[in-house]
Amino acid sequence: MGATRLPSRKMAKKAKQPVIALTLFLTMLAVGFGYFVYVSSARVLGIGCAVLCVFCVWTSVLHRREKQRLQTLACAREGESICHFARSFDKRITDTWIIRAVYQELQVFLGPFVAAPVRASDLLSSDLGLDADDMDDLIVDVALRAGRSLERTACNPYYGKVHTVSDMVLFVNAQSPV
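A quick note: this is a predicted structure, and the numbers were derived from the prediction, not measured. (Residues numbered from 1 in each chain as written. Predicted model: local features only at pLDDT ≥ 70, side-chain atom pairs only at ≥ 80, totals over all residues. Heavy atoms only, no water.)

Draft legend 1. Broad picture of the overall build of the protein chain. Secondary structure assignment for the protein chain yields six helices and zero strands. Taken from N to C terminus, the helices and strands of the protein chain fall in the order α-α-α-α-α-α. Counting over 178 residues, the protein chain shows a buried share of 31%. Accessible surface, the protein chain: about 12000 Å² in total, of which carbon and sulfur atoms supply 63%. (Helix = DSSP H or I, 4+ residues; strand = E, 2+ residues; numbered from the N terminus. Buried < 20%, exposed > 50% of the residue type's maximum accessible area, 1.4 Å probe, protein only. Areas by Shrake-Rupley, 256 points an atom, 1.4 Å probe, with all protein chains shown as cover.)

Next up, the structure:
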């Protein structure tokens, strides 16, 4: 008789990844910008500062809009939890570890703004703001946490068809266990 798998609620939390490379890159960028300011003329310095100010204001406005959009979404879904999300799937067919991993990874992704409850019907791009690279990274993280292989993804019936959170769960579920 095989070993019984632990319930998904006992799944290990995602390990925090060090941000040393990002810190090093940003430090090098700041030093390079500082050297540019040091050697440039007043005209170049003025233009550079103006561009930097416009960029900062623009990113700040985009950040506020996204945060407000997700706060509105979170308010509309107040009281919903992972239980509501899990009920969207047939647990006899879908691995509960994948359901939990997708929900928790999306919470981590949305965390810098507002951790809004996720629904299986949410569109990954328009509702949650994920781009193709974010989706790929998320699928890798979910597969690692749920113990699924990402070999031969082109044979997966959901390959190229992941548009909703439900599609992501079903895509990873269709991959073979490690």
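Next comes the rest of the account.
Draft legend 2. Here's a closer look at the environment of Leu106. Along the chain, Leu106 turns up in helix α4 (residues 96–110). Sequence separation of Leu106 and Leu128 is 22 residues, and the distance between their C-alpha atoms is 8.7 Å.

Draft legend 3. Local environment of unusual backbone geometry. Positive phi is not limited to glycine here, since Arg152 has a value of about 55 degrees. For Arg152, the position within the fold is in the loop between α5 (132–146) and α6 (165–173). According to the relative accessible area criterion, Arg152 is exposed, its value standing at 67%.

Draft legend 4. Here's a closer look at the packing of α4 against α5. At a closest axis distance of 9 Å, the pairing of α4 and α5 adopts a crossing angle of 135 degrees. By the angle between their axes, α4 is oblique relative to α5. In the packing of α4 onto α5, the handedness of the crossing is right-handed. In contact with Trp97, Ile98, Ala101, Val102, Gln104, Glu105, Leu106 and Phe109 of α4, α5 contributes Asp134, Leu138, Asp141, Val142, Arg145 and Ala146. Taken together, the residues of the contact of α4 with α5 break down into nine nonpolar, one polar and four charged. (Axes fitted to C-alpha atoms, helices over the stretch in contact; angles between N-to-C directions. Parallel < 35°, antiparallel > 145°, perpendicular 65-115°, else oblique. Left-handed = near helix turned anticlockwise from the far one by under 90°. Contact = heavy atoms within 4.5 Å. Nonpolar A, V, L, I, M, F, W, Y, C, P; charged D, E, K, R; others polar.)

Draft legend 5. Region of the structure containing the packing of aromatic side chains. One pass over the structure, following the stated rule, counts three aromatic pairs. Where Phe55 meets Trp58, the ring centres are 6.4 Å apart and the plane angle is 50 degrees; that geometry is what we call tilted. On the criterion of helical spacing, the pair formed by Phe55 and Trp58 is a turn pair, its members being three residues apart in helix α2 (residues 42–76). Between Phe85 and Tyr103 the ring centres are 5.3 Å apart and the planes differ by 45 degrees, which places this aromatic pair in the tilted class. (Phe/Tyr/Trp six-rings, centres within 6.5 Å; stacked < 30°, edge-to-face > 60°.)

Draft legend 6. Structural context of the nonpolar core. Counting 33 residues, the largest nonpolar core has Phe85, Val102, Leu106, Val118, Leu124, Leu128 and Val165 as its most contacted members. When residues of this core are traced back to their parent elements, those giving at least two are α2, α3 (82–86), α4, α5 and α6. Looking at which element gives the most residues to this core, the answer is α4, with eight residues. Those residues in contact with Leu106 that lie beyond four places of it in its chain are Val118, Leu128, Leu130, Leu138 and Val165. (Core = buried A, V, L, I, M, F, W, Y, C linked by side-chain atoms within 4.5 Å.)

Draft legend 7. Representation of α4. With 15 residues, α4 should cover 21 Å at 1.5 Å per step; its first-to-last C-alpha distance of 21 Å lies within 8% of that length. Looking at the buried positions of α4, the neighbouring elements they touch are α2, α3, α5 and α6. The backbone nitrogen of Trp97 has a side-chain oxygen 3.0 Å away, supplied by the residue at the start of α4, namely Asp95. (Expected span 1.5 Å × (residues − 1). Polar contact = N/O pair within 3.5 Å; in protein donor to acceptor, adjacent residues only side chain to side chain.)

Draft legend 8. Region of the structure containing a nonpolar patch on the surface. The grouping of Phe33, Phe36, Val44, Leu52, Phe55, Trp58 and Leu62 at the surface amounts to a nonpolar patch, some 660 Å² of accessible area in total. Looking at the nonpolar patch, the elements that each hand over two or more residues are α1 (20–39) and α2. The greatest single-element share of the nonpolar patch, amounting to five residues, is contributed by α2. Topologically, Leu62 is positioned in helix α2. (Patch = residues over 30% accessible without salt bridge, like charges linked within 9 Å, V, L, I, M, F, W, Y side chains within 5 Å. Salt bridge = Lys/Arg side-chain N within 4 Å of Asp/Glu carboxyl O.)

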